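Read off the chains here:
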Amino acid sequence: MMKKVLILGSTGSIGINTLDVIKKHPDKFSVSALTINTRIDLLIPQINEFKPELVVVTNESAAERLRENLSINCKVLSGVKGLVYAAANCEYDILLGAMVGFAGLLPTIEAVKRGKRIALANKETLVVAGELITKLGREYNSEIIPVDSEHSAIYQCLVGEKAEEVEKLILTASGGPFFKKQKGELNNVTVKEALAHPNWKMGDKITIDSASLMNKGLEVIEARWLFGLPKEKIDVVIHPQSIIHSMVEFIDGSVKAQLGVPDMRLPIQYALSFPKRLENDFPKTDFAAIKELTFFEPDMEKFQCLKLAYNALTAEGTAPCILNAANEVAVKGFLEGDIAFSKIPVIIDKALETIENHTSPNLETIIECDKMTRKFAEELI
Ligand code: NAD
Ligand code: MG
């Protein structure tokens with residue numbers, strides 16, 4: 001049956017890859033709505049090609065420019081209200097969450113409340129509101145299928161297995177561009193160096209998170225909520241080739257892994273087509289060319305962000321929300337040249353130490369905590 005997809009963040013790296021997957025399977029998927037922040041130059045050709053019933057441009061002036069430049073009939077909404085409206089009212093089967101950061105939370109919750117399938121790339125929503133979203137997911141019968149490659153790998157390894165027979169999850173991390181640098185050298189790295197990820201081409205925010213290993217920290221928290229395991233059962237191993245996307249160890253010591261070339265279209269397609277697999281023409285793994293797969297312990301003294309994320313997970317409540325908001329502000333500060341790379345964990349640590357933690361937060365508490373943390377972190381930039 002044809003599935004209609006609403007894409008939150010269609011002009012980003014995941015959004016563009018998602019449209020490529022949809023384009024390759026025109027008999028299986030169509031686009032119901034697209035949402036973006038500002039890049040209408042990228043959105044216009046997407047509208048012309050995929051003919052959504054609705055688009056949302058969060059930025060008001062960009063939305064106005066789009067209305068003036070559209071040659072085909074398509075409803076245009078703007079603002080956060082528009083995002084929430086699309087998720088709450090459009091006709092669709094799958095919400096592909098590919099916005100970046102906290103901003104994806106509200107529309108995702110609307111989709112969960114309608115019992116939709118959530119193909120989730122936007123890991124920050126689970127980091128800040130994992131407890132709430134998974135609870136709503138159970139209540140409204142909404143399945144959350146990960147798009148993040150590590151979690152997609154684990155999801156695939158768990159098919160046909162019993163939860164009580166899982167010993168631990170092993171998330172792989174490439175190590176990022178600074179894997180071989182000494183701790184002291186992280187003071188002087190440039191934005192350009194931090195954006196030069198060895199294996200993946202992604203949006204700026206997640207690329208910086210990959211360089212600081214915060215991305216892996218966020219993924220540990222994401223895994224906690226997706227798979228319902230305590231942090232003691234979620235390990236991280238550095239695997240510079242990014243061929244093994246993650247692994248699951250079972251109680252008998254057997255380990256299952258999912259492998260493939262680093263291409264996000266694979267986990268995106270899996271999240272759209274699950275439980276089926278679909279044929280495609282994406283590049284396939286050439287093991288003889290890869291030659292070796294290597295593994296290293298992560299250095300949490302050098303990459304403090306990973307340690308801070310484990311600490312926030314232990315603290316629970318709004319601690320992961322504080323971690324995320326302070327990180328979003330610090331990453332923006334680094335990208336804009338206002339702080340050194342090594343100051344990112346310093347700001348997050350101060351926010352975690354200072355801002356009060358609330359247990360089992362509801363949505364209002366999470367929104368308030370996010371606001372308060374941003375204000376606090378912005379004063380440290
Ligand atoms: P990106 O920066 O390339 O794209 C972000 C998209 O979200 C754009 O379409 C942008 O217009 C939209 N957006 C950003 N801020 C917005 C706002 N405030 N309101 C409305 N729309 C907004 O990001 P990306 O690399 O595609 O990553 C998207 C999400 O997927 C992130 O949460 C990231 O952690 C996750 N993810 C990405 C990859 C990857 O390979 N890129 C892999 C795994 C997970
Ligand atoms: Mg990932």
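It should be emphasised that the depicted structure is a prediction, and the values quoted were computed from it without experimental measurement.

A.B. asks: Can you break down the overall build of the protein chain residue by residue, with the values?
C.D. replies: Secondary structure assignment for the protein chain yields 16 helices and 11 strands. For the protein chain, the C-alpha atoms occupy an extent of roughly 55 × 50 × 40 Å along the three principal directions. Relative to its full complement of 381 residues, the protein chain shows a buried share of 54%. Accessible surface computed for the protein chain: about 16,800 Å², of which carbon and sulfur atoms make up 51%. Of note, the protein chain has its 44 positive side-chain charges centred 3 Å away from the centre of its 51 negative side-chain charges.

A.B. asks: Describe in detail the packing of helix H14 (residues 319-335) against helix H16 (residues 363-378), supporting the description with residues and values.
C.D. replies: Put simply, H14 and H16 touch, their axes get as near as 8 Å, and they point 40° apart. Taken as axis vectors, H14 and H16 run oblique relative to one another. Considering the relative orientation of H14 and H16, their crossing is right-handed. Between H14 and H16, the residues in contact are Cys321, Ile322, Ala325, Ala326, Glu328 and Val329 and Ile366, Cys369, Asp370, Thr373, Arg374, Ala377 and Glu378, respectively. Along the lines of polarity and charge, the residues of the contact of H14 with H16 split into eight nonpolar, one polar and four charged.

A.B. asks: Tell me about the nonpolar core, residues and numbers included.
C.D. replies: Judged by nonpolar contacts, the single largest core of 81 residues is most densely connected at Leu105, Leu169, Leu323, Phe341 and Ile344. At nine residues, the largest contribution of residues to this core is made by H14. Setting aside anything within four residues of it in sequence, one finds Phe341 in contact with Phe178, Leu186, Val189, Ile208, Ala211, Ser212 and Phe334.

A.B. asks: Tell me about the domain arrangement of the protein chain, and please be specific about residues and values.
C.D. replies: Domains assigned within the protein chain are domain 1 (3-146), domain 2 (151-315) and domain 3 (316-381). Averaged C-alpha coordinates put domain 1 and domain 3 at centres separated by 26 Å. Residue-level contacts link 11 residues of domain 1 with 11 residues of domain 3. Here domain 1 and domain 3 share an interface that buries about 900 Å² over both sides, 70% of which is from carbon and sulfur atoms. It is Phe102, Val127 and Val128 that lose the most area in domain 1 upon contact with domain 3, and together they represent 52% of the buried surface on that side. In this assembly, domain 1 and domain 3 are joined by zero salt bridges. One can count two residue pairs in polar contact (both at pLDDT 80 or more) joining domain 1 with domain 3. Looking at the side of domain 1 that touches domain 3, the elements with two or more residues in it are helix H5 (105-113) and helix H6 (123-140).

A.B. asks: Outline the pairing of strand E9 (residues 234-238), supporting the account with residue identities and numerical values.
C.D. replies: For E9, a buried count of four out of five residues is recorded, marking the element as mostly surrounded by other parts of the structure. Examined bridge by bridge, strand E8 (residues 166-173) and E9 share five bridges and lie parallel to one another. Residue pairing for E9: Ala173 is matched across the bridge by Ile238.

The rules we used
Residues numbered from 1 in each chain as written. Chains lettered and ligands numbered in written order. Predicted model: local features only at pLDDT ≥ 70, side-chain atom pairs only at ≥ 80, totals over all residues. Heavy atoms only, no water. Helix = DSSP H or I, 4+ residues; strand = E, 2+ residues; numbered from the N terminus. Buried < 20%, exposed > 50% of the residue type's maximum accessible area, 1.4 Å probe, protein only. Areas by Shrake-Rupley, 256 points an atom, 1.4 Å probe, with all protein chains shown as cover. Lys, Arg positive; Asp, Glu negative; His and termini not counted. Charge placed at Lys NZ, Arg CZ, Asp CG, Glu CD. Axes fitted to C-alpha atoms, helices over the stretch in contact; angles between N-to-C directions. Parallel < 35°, antiparallel > 145°, perpendicular 65-115°, else oblique. Left-handed = near helix turned anticlockwise from the far one by under 90°. Contact = heavy atoms within 4.5 Å. Nonpolar A, V, L, I, M, F, W, Y, C, P; charged D, E, K, R; others polar. Core = buried A, V, L, I, M, F, W, Y, C linked by side-chain atoms within 4.5 Å. Domains from an automatic or database assignment. Buried area = accessible area lost by both parts, 1.4 Å probe. Salt bridge = Lys/Arg side-chain N within 4 Å of Asp/Glu carboxyl O. Polar contact = N/O pair within 3.5 Å; in protein donor to acceptor, adjacent residues only side chain to side chain. Pairing = 2+ DSSP bridges.

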